[in-house]
Amino acid sequence: ISEELRRAQEEWEAVEEIQSGLRGTSAGAAPPISFNEALQYFQTADLSECRKKVRATARRQGLAALLRFLFGPPRLQPQLQGERELALAMAQCGLDDNERVHMRILQTIYKKLTHSRLGCPRYGAHWEELGFQGADPGTDLRGTGMLGLMQMLYFVMDSQTLPLAREIFKLSQHETQARPSAFFACSLRRFPFCIMSVNITRIVIQALREERLSRVCNRRQQVIAVLNDLYAAAFLQLYRVWKWQHKTVADSGFLLKELELSAKKKPKQLLKSLEAYVNRSPATDGLQQPSPPSGGGSRPGEEIHFTGVCDLQVELEGEARLI
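Just so it is clear, the model here is predicted, and its values are computed rather than measured.

Undergrad: Tell me about the packing of aromatic side chains, and please be specific about residues and values.
TA: Enumeration over the complete set of coordinates arrives at ten aromatic pairs. When the centroid spacing of 5.0 Å and the interplanar angle of 75 degrees are considered together, the rings of Tyr41 and Phe42 count as edge-to-face. When the ring of Phe155 is compared with that of Phe235, the centres are 5.5 Å apart and the planes differ by 10 degrees; the resulting orientation is stacked. With Phe155 in helix α8 (residues 145-157) and Phe235 in helix α13 (residues 224-244), this pair connects stretches of sequence that are 80 residues apart. One exposure class covers both Phe155 and Phe235, and it is buried. Here the aromatic cluster, defined as three or more aromatic residues joined through ring pairs, consists of Phe155, Phe169, Phe193, Tyr231 and Phe235. In this arrangement the basic side chain of Arg122 is found over the ring face of Tyr123, its NZ or CZ atom lying 4.4 Å from the centre.

Undergrad: A description of α8 should follow, citing residues and the corresponding values.
TA: Between its first and last C-alpha atoms α8 spans 19 Å; for 13 residues at 1.5 Å apiece the expected length is 18 Å, and the two agree. A large share of α8 lies buried, amounting to twelve of its 13 residues. Listed as buried for α8 are Gly145, Met146, Leu147, Gly148, Leu149, Met150, Gln151, Met152, Leu153, Tyr154, Phe155 and Val156. The inward-facing, buried residues of α8 abut α2 (35-44), α5 (81-91), α6 (100-114), α9 (162-173), α11 (193-209) and α13.

Undergrad: Tell me what's going on with the nonpolar core, and back it up with residues and numbers.
TA: Note on soluble globular proteins: their nonpolar side chains tend to be buried together. Counting 83 residues, the largest nonpolar core has Phe42, Ile105, Ile109, Leu149, Met150, Phe155 and Phe235 as its most contacted members. Ranked by residue count, the leading element in this core is α13, at 14 residues. Beyond its immediate chain neighbours, meaning those up to four positions away, Phe235 contacts Phe155, Ile168, Phe193, Met196, Ser197 and Ile200.

Undergrad: Any chance you could break down unusual backbone geometry for me, citing the residues and the numbers?
TA: For Gln221, which is not glycine, the phi dihedral falls at a positive 55 degrees. Summarising the element assignment, Gln221 is placed in the loop between α12 (214-220) and α13. A relative accessible area of 37% means that Gln221 is categorised as partly exposed. We note that His246 has phi near 55 degrees; this positive angle belongs to a residue other than glycine. Mapped onto the elements, His246 comes out in the loop between α13 and α14 (252-265). Judged by relative accessible area, which is 54%, His246 ranks as exposed.

Quick notes on the rules
Residues numbered from 1 in each chain as written. Predicted model: local features only at pLDDT ≥ 70, side-chain atom pairs only at ≥ 80, totals over all residues. Heavy atoms only, no water. Phe/Tyr/Trp six-rings, centres within 6.5 Å; stacked < 30°, edge-to-face > 60°. Helix = DSSP H or I, 4+ residues; strand = E, 2+ residues; numbered from the N terminus. Buried < 20%, exposed > 50% of the residue type's maximum accessible area, 1.4 Å probe, protein only. Lys NZ or Arg CZ within 6 Å of the ring centre and 35° of its normal. Expected span 1.5 Å × (residues − 1). Contact = heavy atoms within 4.5 Å. Core = buried A, V, L, I, M, F, W, Y, C linked by side-chain atoms within 4.5 Å.

What follows is the structure, encoded as structure tokens:
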């Protein structure tokens, strides 16, 4: 069979799969959605139930409150509180099959990462190929909700970060064509792209909740844009370390812990790294190999489960428990 005929057959089979997708609807019929259009939807949607689930940040009292006032990060300015609350509400909003915008976000991410002109069914093994843990992406969004998908959407729809997103996705595949069922057996250098993305969103949420980003947000008079840039910057940092230091899934938990510390203590430095990458300045892009992490990774032979990394519990105060 010629290559052209083989591709034609694959496209026809994909069309048949789409038409037989969830509830008999065509999953590929919905047009791609931009990040701004999706954000406008959430800005006007009724998220009252989601807002009720947002836990208030615990307030310190006595000496702890005084120390925080003197030495802690500044508080977010009042005019930015609404945007912060919207971001946290989106993190409590689950993926809903009945919401057309939710489905368009999911389909757009799939098409952008796979270079596909066709959509895909709502459920199926194709989501494992993108780096989710199973046939339903919604089960992997615990703790990040639609904010997790929104940050992926930003990553693939922004013309400046799309090349980076595809490079990271390519690295996560490690240039292999193994079936998802043979994911870990194929190559320890591979990692689930979407699960890693969800964990980075968790880190960003935690940094926001602990008011570690208030200074940057106040300066830029933005919250969601800062969250998106920090997400992309953290992903860029992970990409560089994973690629240059030849990391494997055995190092994933420790790398996420390092990213968490950087996001909380050095967000400005991470954001400058992203800015240099976008501007492609050889002098400041940080293309040199990063220095080794301060601690050790996982022990040789230790069994690693990305499920455990995905199911992190976001704490109100203190350090997030990253495996």
